[in-house]
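Breakdown of the fold
This is what each chain is made of:
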Amino acid sequence: MAFDSHNDCNDWIIDTRASFHMTPHREWFCTYESYSGGTVRMGDDTTHAIVGRGKVKLKMSDGTVKNLPGVMHIPGLTINLISVGSMADAGRKETLGNFSTYWLKIPQEDCTVVVHFSAYWCMPSIAMNPFFKELASTYQDVLFLNVDVDEVKEVASNLEIKAMPTFLLMSGGAPVDKTVGANPDEIRKRIDRLIHQTHYSNSI
């Protein structure tokens, strides 16, 4: 499945495998410097040049604004990535220690979350990455996380993740559904169902 080739994605995906934070949006930087940082290779084997770096302000779902330093400016990307590894290096290791705070402490009460548990050695997982990015662009009110099971083994074990790819759906900070395997139609159907159920519950 093809991913949108336009640079119009306003969502961020938290990725355990990303080497650093990155975005194609120059206008998002509040501090910026030109920087020749080489190139990055994406999951679809495309390469893009790093041309700058700086700090980006992120607006959380509760309206608060957080500073995200060390963001690389990479024109040509079709997605914005937050690196869990970079957060840990910066002293934010608590994001890895507790799954409930794993996604930047974004309030979970009204937040629907879809987690893609994958592995770099699992070809079906890799094949699902473009589809997962497409989902992040389609569902603007859902938080999507791409997680490497080898880097969060305790979390994967606690959630009984036994095969890849596994897609875990969460609402209110708790798991509510799970599907195993590379089945785009089934994943999309379950996301639609969860969103419908959540909207229905909130309207009562």
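First things first, this report covers the structure right here in the doc. (Residues numbered from 1 in each chain as written. Predicted model: local features only at pLDDT ≥ 70, side-chain atom pairs only at ≥ 80, totals over all residues. Heavy atoms only, no water.)

It is worth spelling out the overall build of the protein at this point. From N to C terminus, the protein includes 5 helices and 12 strands. Looking at the protein residue by residue over its 204 residues, the buried ones come to 47%. Summarising the internal contacts of the protein: among those between residues at least 6 apart in sequence, 64% fall at separations of at least 24. Counting every atom, the protein has about 10,500 Å² of accessible surface; 49% of that belongs to carbon and sulfur. (Helix = DSSP H or I, 4+ residues; strand = E, 2+ residues; numbered from the N terminus. Buried < 20%, exposed > 50% of the residue type's maximum accessible area, 1.4 Å probe, protein only. Contact = heavy atoms within 4.5 Å. Areas by Shrake-Rupley, 256 points an atom, 1.4 Å probe, with all protein chains shown as cover.)

Right, let's get into the nonpolar core. One recurring pattern in soluble globular proteins: nonpolar side chains tend to sit buried together. Core analysis: the biggest nonpolar cluster contains 27 residues, and M22, I74, L135, F144 and I191 have the highest contact counts within it. Every element with two or more residues in this core is listed here: α3 (123-138), β10 (142-148), β11 (166-171) and α5 (184-203). Broken down by element, the residue count for this core peaks at 5 residues, all from α3. Not counting residues within four places of it along the chain, the set of residues in contact with I191 comprises V114, L135, Y139, F144 and L169. Counting 25 residues, the second-largest nonpolar core is a separate cluster that includes C111, C122, V155 and A156. (Core = buried A, V, L, I, M, F, W, Y, C linked by side-chain atoms within 4.5 Å.)

Direction of pairing for β11 relative to strand β12 (residues 174-180): antiparallel, over a ladder of 6 bridges. When the bridges of β12 are listed, F167 appears paired with T179. Taking the residues that link successive antiparallel strands as the turn, the β11-β12 hairpin has 2 residues, and the phi of G172 there is positive, at about 65°. (Pairing = 2+ DSSP bridges.)

So, on to α3. Taking 1.5 Å per residue as the helical rise, α3 with its 16 residues ought to reach 22 Å, and the 24 Å between its terminal C-alpha atoms agrees with that figure. Largest kink in α3: about 35°, centred on N129, with the proline P130 one to four residues after it. Among the residues of α3, S125, M128, N129, F131, F132, K133, E134, L135 and A136 are the ones counted as buried. (Expected span 1.5 Å × (residues − 1). Bend = angle between axes of the 7 residues up to and from the residue.)

Applying the stated criterion across every chain, the model contains 3 aromatic pairs. On the basis of an interplanar angle of 80° and a centroid distance of 5.3 Å, the ring pair of F132 and F144 is categorised as edge-to-face. Highlighted residues: F132 in helix α3 and F144 in strand β10, separated in sequence by 12 residues. In this pair, the class of F132 matches that of F144, namely buried. Among the aromatic residues, those joined into a ring-pair cluster are F132, F144 and F167. The aromatic ring of Y32 is capped on one face by R26, whose charged end is 3.6 Å from the ring centroid. The ring of Y35 carries the charged tip of R53 above its face, separated from the ring centre by 3.8 Å. (Phe/Tyr/Trp six-rings, centres within 6.5 Å; stacked < 30°, edge-to-face > 60°. Lys NZ or Arg CZ within 6 Å of the ring centre and 35° of its normal.)

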